[in-house]
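So you can see what is in the structure, the chains are spelled out below.
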Amino acid sequence: MADSPVTGETKLEGLYRWLDERAGLTTIWKTVFARAVPKTNWFYTLGSASMVLAMLQGITGMLLTIYYVPSPDKAYDSINFIMNQVAFGWLIRGMHHWGATLLVIVVFLHMLKSYFVGAYKYPREITWLTGGVLLLVVLVMGFSGYLLPWNQKAYWATSVGTAIAGAVPVIGPLLERILRGGQEIGAVTLARFYGLHIWWIPIIVLGMIGVHLYLVIRIGITAPPERDE
Ligand code: HEM
């Protein structure tokens, strides 16, 4: 039933029109969500699946920071506390832990799909390149996160990982020292990896996803190739 005898609108419709005139909600909806797409298949959901997983990693990660303490004498105990004392802490940490692996797999499959439909070609080169950076930073995210529990596996995996960086010709030793924050893995390494994990990499991921999706919306997606018979 209409609330306004003048416009014949309900209160909700009136509120929407008020917002729409000022913020252009309908235009955003039409451009982003109601745009025309070619007939696709399930493989085209992998990009959105990557985004949902990345968002879940963000949310569960933010929840973990409430109890996680990034210092060598507290990190291990704080993870134990999250797993055994915090309500649903095991679930949040489990989602973050397994979500990281799943994200890498799904992003990789999304890349394969984009490759097989030829979506790297003109005019989508920048979409492909920002995607490449995204794959790389998702891997760095996993590598930096692996050290944070500060257990034996974390310590030795980082020891090996940073030593591999150290084997790069010419700049290797410098790279290794920058990654470790010194000769050995210690408090500085943990602080450095934590900073990378919660600030530097997420900011790069957000920026890259922004450009990536802007281009997907601007250019539109590739139609699946047709069988030539
Ligand atoms: C966190 C990582 C990523 C997210 C969140 C993401 C998200 C998306 C989304 C939502 C789409 C549109 C729907 C679709 O076609 O699936 C898309 C398309 C695309 N993505 Fe990604 N993507 C990621 C990583 C990558 C990677 C690693 C590559 C390749 C190196 C890549 C290359 C492309 C290309 C070329 C398209 C256009 C596809 C087409 O026109 O059919 N993306 N991406």
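To be clear, the structure that these remarks concern was listed above.
All values reported here derive from a predicted model rather than from experimental measurement.

Caption draft 1: Region of interest: helix 6 (residues 125-147). The end-to-end C-alpha distance of helix 6, which contains 23 residues, comes to 34 Å, matching closely the 33 Å that a straight helix rising 1.5 Å per residue would cover. Where helix 6 is concerned, the buried positions are Thr127, Thr130, Gly131, Leu134, Leu135, Val137, Val138, Ser144, Gly145 and Leu147. Packed against the buried residues of helix 6 are helix 5 (89-116), helix 7 (152-166) and helix 9 (187-219).

Caption draft 2: Seen up close, the side chain of Thr127. Within the secondary structure layout, Thr127 lies in helix 6. Overall, Thr127 belongs to the buried group, its relative accessible area being 11%. Apart from the residues lying within four places of it in its own chain, the contact partners of Thr127 are His212, Leu215, Val216 and Ile219.

Caption draft 3: Expanded view of the side chain of His110. Along the chain, His110 falls in helix 5. Reaching out from His110, the side chain makes a polar contact with the backbone nitrogen of Gly47 at a distance of 3.3 Å. With residues near it in sequence (within four places) discarded, His110 still touches Leu46, Gly47, Ser50 and His212.

Caption draft 4: Region of interest: the packing of helix 6 against helix 7. With their axes 7 Å apart at the nearest point, helix 6 and helix 7 run at an angle of 135° to one another. Considering the angle they form, helix 6 stands oblique to helix 7. Residue-level contacts link Phe143, Tyr146 and Leu147 of helix 6 to Lys153, Ala154, Tyr155, Ala157, Thr158, Gly161 and Thr162 of helix 7. The class makeup of the residues in the contact of helix 6 with helix 7 is 6 nonpolar, 3 polar and 1 charged.

Caption draft 5: Structural detail: the packing of aromatic side chains. Throughout the structure, instances matching the rule amount to 9 aromatic pairs. Centre to centre, the rings of Tyr115 and Phe116 are 5.4 Å apart; their planes meet at 70°, and the pair counts as edge-to-face. Considering the side-chain rings of Trp150 and Tyr155, the 6.1 Å spacing of their centres and the 85° angle between planes classify their relative orientation as edge-to-face. For Trp150, a relative accessible area of 18% gives the class buried.

Caption draft 6: Spotlight on the nonpolar core. If you look at the biggest cluster of nonpolar residues, it comprises 13 residues, and the most contacted ones within it are Tyr68, Ala75, Leu147, Leu148, Trp150 and Leu190. Of all the secondary-structure elements, those providing two or more residues to this core are helix 4 (75-84) and helix 9. The residues touching Ala75, leaving out its near neighbours within four places in the chain, are Tyr68, Val69, Leu148, Pro149, Trp150 and Leu190. Judged by nonpolar contacts, the second largest core, of 7 residues, contains Leu53, Leu103, Val107 and Val138.

Caption draft 7: Structural view of a nonpolar patch on the surface. A cluster of nonpolar side chains, namely Val52, Leu56, Ile59, Leu63, Ile66, Tyr67, Phe81, Phe88, Trp90, Leu91 and Met95, defines an oily patch on the protein surface of about 1100 Å² accessible area. Looking at the nonpolar patch, the element that brings in the most residues is helix 3 (residues 46-64), giving 4 residues. Secondary-structure assignment places Phe81 in helix 4.

Caption draft 8: Structural detail: the site of the ligand. In the region of the ligand, 24 residues are neighbours, and His110, Lys113, Gly131, His212 and Thr222 sit closest. Contacts to the ligand include Tyr44, whose backbone N or O atom sits 3.1 Å from an oxygen atom. Elements represented by at least two residues in the shell around the ligand include exactly helix 3, helix 5, helix 6 and helix 9.

Caption draft 9: Inspection of the pattern of salt bridges at higher detail. A complete count under the given rule lists 4 salt bridges for this structure. Taking the shortest distance from any N to any O, the salt bridge between Arg17 and Glu9 comes out at 2.7 Å. Look at Arg17 and you get partly exposed, because its relative accessible area is 35%. Take Glu9: its relative accessible area is 15%, and that puts it in the buried class. Connected through salt bridges with shared partners, the residues Glu9, Arg17, Glu21 and Arg22 form a single ionic network.

Analysis parameters
- Residues numbered from 1 in each chain as written.
- Predicted model: local features only at pLDDT ≥ 70, side-chain atom pairs only at ≥ 80, totals over all residues.
- Heavy atoms only, no water.
- Helix = DSSP H or I, 4+ residues; strand = E, 2+ residues; numbered from the N terminus.
- Expected span 1.5 Å × (residues − 1).
- Buried < 20%, exposed > 50% of the residue type's maximum accessible area, 1.4 Å probe, protein only.
- Contact = heavy atoms within 4.5 Å.
- Polar contact = N/O pair within 3.5 Å; in protein donor to acceptor, adjacent residues only side chain to side chain.
- Axes fitted to C-alpha atoms, helices over the stretch in contact; angles between N-to-C directions.
- Parallel < 35°, antiparallel > 145°, perpendicular 65-115°, else oblique.
- Nonpolar A, V, L, I, M, F, W, Y, C, P; charged D, E, K, R; others polar.
- Phe/Tyr/Trp six-rings, centres within 6.5 Å; stacked < 30°, edge-to-face > 60°.
- Core = buried A, V, L, I, M, F, W, Y, C linked by side-chain atoms within 4.5 Å.
- Patch = residues over 30% accessible without salt bridge, like charges linked within 9 Å, V, L, I, M, F, W, Y side chains within 5 Å.
- Areas by Shrake-Rupley, 256 points an atom, 1.4 Å probe, with all protein chains shown as cover.
- Salt bridge = Lys/Arg side-chain N within 4 Å of Asp/Glu carboxyl O.
- Near = heavy atom within 4 Å.

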